[in-house]
Amino acid sequence: MSPLTRRTLIAGGIASAGVTVLAPTTANAISYPFTLGVASGEPTADGFVIWTRLAPSPLNADGLGGMGSASVAVEWQVATDQRFTRVARSGTATAAQSWAHSVHVDVTGLQPGREYFYRFRAAGHISPVGRGVTAPAVGTSPSLTMLFASCSHYEEGYFTAYRRMAEENPDLILHLGDYIYEGGATTTKVRRFAPSAEEIANLADYRVRHAQYKTDVDLQAAHAAAPWLVVWDDHEVENNYANLVRANTSPAGDFKARRAAAYKAYYEHMPLRAAQAPVAENMQLYRRIRWGSLATFHMLDTRQHRDDQACGDGTKVCAEADDPARTLIGATQEAWLLDGMRQKLATWDFLGQQVFFAQKLASADGARSMDSWDGYSANRGRLQRGWDAAGLRNTVVLTGDVHRSWAADLMNDYTAQDRVVGTELVTTSVTSGGDGSATDTGVSSLNPHVKFYKNLRGYVRTVTTPTQLNVDFRFLDRVTTRDYPVRTLQSYVVQAGNPGLQAP
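In this text, all values refer to a predicted model and were calculated from it rather than measured experimentally.

### Some remarks on the packing of helix α7 (residues 331–342) against helix α8 (residues 377–389)
Next, step 1: Contact pair α7 / α8: the axes reach a minimum separation of 10 Å and the direction vectors enclose 20°. It follows that α7 is roughly parallel to α8 by the angle criterion. The two elements α7 and α8 cross, and the hand of that crossing is right-handed. Residues E334, L337, L338, M341 and R342 of α7 pack against N379, R382, L383, G386 and W387 of α8.
Next, step 2: Here the residues of the contact of α7 with α8 sort into five nonpolar, two polar and three charged.

### What about the UniProt feature "domain: Phospholipase D N-terminal" (unreviewed entry) in the protein chain?
Next, step 1: The positions that UniProt labels "domain: Phospholipase D N-terminal" (unreviewed entry) are, in the present scheme, residues 36–132.
Next, step 2: Between the first and last C-alpha atoms of residues 36–132 the distance is 17 Å; the span itself is 0% helix and 52% strand.

### Some details on the pattern of salt bridges
Next, step 1: Tallied over the full model, the rule gives 28 salt bridges.
Next, step 2: Its salt-bridge partner being R273, residue D106 comes within 2.7 Å of it at the nearest N-O pair. Placement of D106 in strand β5 (residues 102–107) and of R273 in the loop between α6 (255–268) and β12 (287–291) is noted, with a sequence separation of 167 residues between them.
Next, step 3: For D106, a relative accessible area of 47% corresponds to the partly exposed category.
Next, step 4: Residue classification places R273 among the buried positions, given a relative accessible area of 18%.

### A closer look at the UniProt feature "domain: PhoD-like phosphatase metallophosphatase" (unreviewed entry) in the protein chain
Next, step 1: As recorded in UniProt, the feature "domain: PhoD-like phosphatase metallophosphatase" (unreviewed entry) lies at residues 147–473.
Next, step 2: Its end C-alpha atoms 10 Å apart, residues 147–473 is made of 21% helix and 22% strand.

### A look at the nonpolar core
Next, step 1: Membership of the largest hydrophobic core comes to 72 residues, with the highest contact counts inside it found for L174, W291, F297, L398, L425 and F473.
Next, step 2: Broken down by element, the residue count for this core peaks at seven residues, all from α6.
Next, step 3: Setting aside anything within four residues of it in sequence, one finds L174 in contact with M146, L147, F148, A149, L229, F297, M299 and L398.
Next, step 4: Listed in part, the 27 residues of the second largest apolar core include I329, M341, L383 and A390.

### Let's talk about the side chain of D435
Next, step 1: Mapped onto the elements, D435 comes out in the loop between β19 (418–426) and β20 (450–454).
Next, step 2: A relative accessible area of 17% means that D435 is categorised as buried.
Next, step 3: Looking at D435, its side chain comes within polar contact range of the main-chain nitrogen of V479, at 2.6 Å.

### Digging into the environment of A262
Next, step 1: Structurally, the position occupied by A262 is in helix α6.
Next, step 2: The class for A262 is buried, based on a relative accessible area of 1%.
Next, step 3: Through-space distance from the C-alpha of A262 to that of I200 is 9.4 Å; in sequence the pair is 62 residues apart.

The rules behind the values
Residues numbered from 1 in each chain as written. Predicted model: local features only at pLDDT ≥ 70, side-chain atom pairs only at ≥ 80, totals over all residues. Heavy atoms only, no water. Axes fitted to C-alpha atoms, helices over the stretch in contact; angles between N-to-C directions. Helix = DSSP H or I, 4+ residues; strand = E, 2+ residues; numbered from the N terminus. Parallel < 35°, antiparallel > 145°, perpendicular 65-115°, else oblique. Left-handed = near helix turned anticlockwise from the far one by under 90°. Contact = heavy atoms within 4.5 Å. Nonpolar A, V, L, I, M, F, W, Y, C, P; charged D, E, K, R; others polar. UniProt positions renumbered as here; feature names shortened; annotations may be inferred. Salt bridge = Lys/Arg side-chain N within 4 Å of Asp/Glu carboxyl O. Buried < 20%, exposed > 50% of the residue type's maximum accessible area, 1.4 Å probe, protein only. Core = buried A, V, L, I, M, F, W, Y, C linked by side-chain atoms within 4.5 Å. Polar contact = N/O pair within 3.5 Å; in protein donor to acceptor, adjacent residues only side chain to side chain.

Here's what the structure looks like:
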């Protein structure tokens, strides 16, 4: 696949070469509407979703981006070359005010395992060009370069990690939650949230917050570079919420209405399929994506279906956390996950999810985080026993949430340190927590299966083949200063058929 070039990312940079391809449809009555960039996601062997949102004034307080009430026809093209001389598919979608003039086009009819380029046109304006990649055909297993990241707090740093991810020219990017943060603006950080209200809670404010993120040029570059698979964590709504149980009562209000607003804004700004469009306060987010016969991505939702955190949340000793009836993902999602894994659709099973999966004791008395899988240990045990009984030896859990990098072997019995049954890779944050400290220590004799820890910002790069998974933990020394280089500080190999972390 050709490298991502500057030409690919410049707004309208190729537009003049292809204006005659897209017939104009409406008068140029609005200012440039593609201020939030473009994105692709949800790749299949014959297509992917392409996304944009019309927003000439993206931070308008009403959340409508400067658009009127009228629907707008948005033309789109997918081509095999960056100059759009070989158009493979094209069409017209409708951007309506009811969905904040966002567009989600499910492109089909493409060839498997190759790159494409896409763009939009509306009201006489041409969008930036994005790069999409289709999944390989079932029965084939070409190598996959995949990056994953989480936790991008806008105020706590610049999104250089997203820029560096774009420069890696990956086949696929996973975002594992906390894409936005819901808190009120401060005056003590390197940037300031919009809107400047206290904690956001209504649809207009969630739309503005998402739009502010999408105006970041580094984030736009990462979205334009490759298709994304996204799942939320908690900050897309409210910190540490559990199903419809709030973590606190501030700001006051109907939490169903707040969750509905947050889920709607999330969908409006992500390259998701129509099947993920929310209905009131509910959204079908967990789903399965096949990458040929090499990998299956099981993308999980650990917020919408969970029981409330045990013992009032926090890190503590809590017998209730081991109650067999407790669930983090709900009975339906649990059955769906194990059924999908037992089908053995590919060599590798990747669980894209949000919170720390392996046991991680905080102290010798057994204190654990009630917000992680340690607060739902029976649910974790059922999953591990389920995939182990099915003979799966290539399960890798991909995790975000904790603003640190970790790597762990998943044990059949953590207390006895009996038998490795999988591997967990935890990405640090893009910016949450600020610059961090390379000298922090986190590996403890309490958790001998946990092999690696680092408190810097960055992401994880994996290269997957039928025989092994190569892992690089990638870091920036600072995010409160723009444009730091990225470097690898730790690498591992996971061999197919031999779960657990090995030296490269």
